[in-house]
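Listed below are the residues making up each chain.
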Amino acid sequence: MNNTLVIDCSRGLSSDMLLSAFYDLGIPRNIIDENLIKLDLNPKTKIFFDESKSIGIRGVRTSISVFNDIKFPSRWIDLKALIENSRLNDYVKSKVLGVFLLLAEAEASVHGVLLDEVHFHEIASVESFIEVASIFSIIEFLKPYKVFCSIPPAGSGTVKCSHGYLPVPVPTVLEIARKSKIPLSGSVKSLDGELTTPTGIALLSILSNEIGQPLNMVVTRIGVGLGHRDTSSPNFLRVYEINNHKYDFKEMIRQVIVCQEAWIDDATSEDIAFLTNELRKAGAIEVVCQSINMKKNRQGMSIKALVYPENAHSLRMIWFTKSSTLGFRETEESRWVLPRRKGRCKTSSYGEISFKEVLHPNGELTMKPEQDEVIRISLQTGKSLDQIRKQILIEAKDFISEEDFSC
């Protein structure tokens, strides 16, 4: 796996900090300048990248010179038209639209108006438009296999805006975090104020594939972007590029999971099927059922669900809203698992097939085709599952990973 990016935004997150960090990775300047021309703004509009320091930490700080003759739209419907009619290529255009649509939807929710009635204020400035478009021109150039990001900080206190003083995180940031299921960290005690901006978290939602860090990191490049606020401790964001084509760990992985179990004797088989499906949809790793003999010799069902701790509460609500049980048992357990990842292999008979690759403690890699793929091909060809599986394994070559090794 090559060219994976990790965004460390634990100290702060904004569009200018992201752009600065990406540029500091060593991106050719012409990638940004050529994209800027396609925005059809005043030709004198310039982006400056200056090397500087924040409380002793070296990095790059971005500034943009904008001329007063640029009439930038404040309404979402006008901004949408501007982006759609721009000369940006399809990839960059779709990503920029995605960011500002997310912002517009959040603003509509916060202010209780229709999407087409949204008026941006500080959020959609010409500077943020340039920064967002520049970031995705860099992403298109880098073509990262995957983008990880850390949990952005919630911040604290209040911030002054066009609506007066608002609590931090501001409503738009909270709404995007809720909608995109991005957690916010309240652990940065040395910094206060607005640490995560609406445009910053909207970018993160569109950019990132996973919250957290990969299991192993072979760091190849580091970019540091500095914020503009003067703070009592370093104000920076990092982007680092990793290349994890070698996996030298030989250990199984210990996971903490939650086991939830209920015995139910007053539900039909249809009710049980519905409940197990709802538990899986709510995040259960697996749900199993078995028949048991309960008090008064009534036949019942023991239903057990395994779930990661972060999804345990969602399943608790399912037990009490989607079943007849008055209670269930819950214990925290551990399990040992082997790292695995999804990917695709080419076959001469069936084209590309989805596979799962497993890393064993001795360093050996094994893989097997996804069962859904085997069933699909069997239905198309009339061959048995065993015939299809054997043929795929013989023909499979050039495994292309679609994710990092995970548990």
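On a predicted model such as this, the values are computed, not experimentally measured, just so you know. (Residues numbered from 1 in each chain as written. Predicted model: local features only at pLDDT ≥ 70, side-chain atom pairs only at ≥ 80, totals over all residues. Heavy atoms only, no water.)

S.K.: What should I look at first to understand the overall build of the protein chain in this one?
M.R.: The secondary structure content of the protein chain amounts to eleven helices and 17 strands. With the C-alpha coordinates of the protein chain rotated into their principal frame, the extents come out at 80 × 55 × 45 Å. The burial tally for the protein chain puts 46% of its 407 residues in the buried class. Contacts spanning at least 24 positions in sequence make up 71% of the contacts within the protein chain whose residues lie at least 6 apart. When the accessible surface of the protein chain is split by element, carbon and sulfur atoms take 52% of a total near 20800 Å². (Helix = DSSP H or I, 4+ residues; strand = E, 2+ residues; numbered from the N terminus. Buried < 20%, exposed > 50% of the residue type's maximum accessible area, 1.4 Å probe, protein only. Contact = heavy atoms within 4.5 Å. Areas by Shrake-Rupley, 256 points an atom, 1.4 Å probe, with all protein chains shown as cover.)

S.K.: What am I meant to see in the packing of aromatic side chains here?
M.R.: The tally for this structure, following the rule as stated, stands at four aromatic pairs. Judged by centre distance (3.9 Å) and plane angle (10 degrees), the ring pair of Tyr23 and Phe49 falls under stacked. Here the residue Tyr23 occupies a position in helix α1 (residues 15–24), and Phe49 occupies one in strand β2 (residues 46–54), the gap between them amounting to 26 residues. Residue class for Tyr23 comes out partly exposed when judged on its relative accessible area of 22%. Judged by relative accessible area, Phe49 falls into the buried class, the value being 13%. Look at Phe100 and Phe129: their rings are 6.4 Å apart centre to centre, the planes differ by 55 degrees, and that puts the pair in the tilted class. Here Phe100 is found in helix α4 (residues 90–111), whereas its partner Phe129 is found in helix α5 (residues 126–142), with 29 residues between them in sequence. For Phe100, a relative accessible area of 0% translates into the label buried. (Phe/Tyr/Trp six-rings, centres within 6.5 Å; stacked < 30°, edge-to-face > 60°.)

S.K.: Would you mind showing me how to read the packing of α1 against helix α7 (residues 198–207) here?
M.R.: A pair of packed helices is captured by two measures, namely the crossing angle of their axes and the spacing between those axes. In the contact formed by α1 and α7, the axes pass within 8 Å of each other and the chain directions differ by 55 degrees. Taken together, the axes of α1 and α7 lie oblique to each other. Across the interface between the two elements, Ser15, Leu18 and Phe22 from α1 touch Thr199, Gly200, Leu203 and Leu207 from α7. Considered class by class, the residues forming the contact of α1 with α7 number four nonpolar, three polar and no charged. (Axes fitted to C-alpha atoms, helices over the stretch in contact; angles between N-to-C directions. Parallel < 35°, antiparallel > 145°, perpendicular 65-115°, else oblique. Nonpolar A, V, L, I, M, F, W, Y, C, P; charged D, E, K, R; others polar.)

S.K.: Whenever I open this one, the sheet that holds strand β13 (residues 329–337) confuses me. Can you help?
M.R.: Backbone hydrogen bonds are what pair the strands of a sheet, in a parallel or an antiparallel way. The sheet built from four strands is open, its strands ordered β11-β12-β10-β13 with antiparallel pairing. Both edges of this open sheet fall to β11 (286–293) and β13, since each of them pairs with a single strand only. Adjacent strand axes in the sheet meet at a mean angle of 25 degrees when their direction is disregarded. Across eight bridges, β11 lies against strand β12 (residues 299–307) in antiparallel orientation. Looking at the pairing, Glu286 lines up with Leu306 of β12. On the sheet, helix α9 (residues 312–322) packs against β10 (253–264), β12 and β13 and is oriented at approximately 10 degrees with respect to β10. (Pairing = 2+ DSSP bridges.)

S.K.: What is the right way to look at helix α10 (residues 371–381) in this model?
M.R.: Structurally, the α-helix is built with 3.6 residues per turn, so residues lying three or four positions apart point the same way. Residues of α10 that are buried: Glu373, Val374, Ile377 and Ser378. The buried residues of α10 occupy an angular sector of 135 degrees when projected down its axis, which confines them to one face. In α10, those exposed residues whose orientation departs by more than 90 degrees from the buried face are Asp372, Leu379 and Gln380. Trailing α10 by a residue or two, Gly382 shows a phi angle of about 85 degrees, which is positive. (Arc of directions from axis to C-beta.)

S.K.: Even after reading the chapter, I still don't get the pattern of salt bridges, so can you show me in this structure?
M.R.: Close approach of charged atoms lets side chains of opposite charge pair. A complete count under the given rule lists 19 salt bridges for this structure. A salt bridge links Asp386 to Lys390; the nearest nitrogen and oxygen atoms lie 3.2 Å apart. Of the two residues, Asp386 and Lys390 both sit in helix α11 (residues 385–395), four residues apart, roughly one turn of that helix. A relative accessible area of 41% places Asp386 in the partly exposed class. Relative accessible area serves as the criterion here: at 52%, Lys390 is assigned to the exposed category. Linked through salt bridges whose partners overlap, the residues forming this network are Arg344, Glu352, Glu373 and Arg376. (Salt bridge = Lys/Arg side-chain N within 4 Å of Asp/Glu carboxyl O.)

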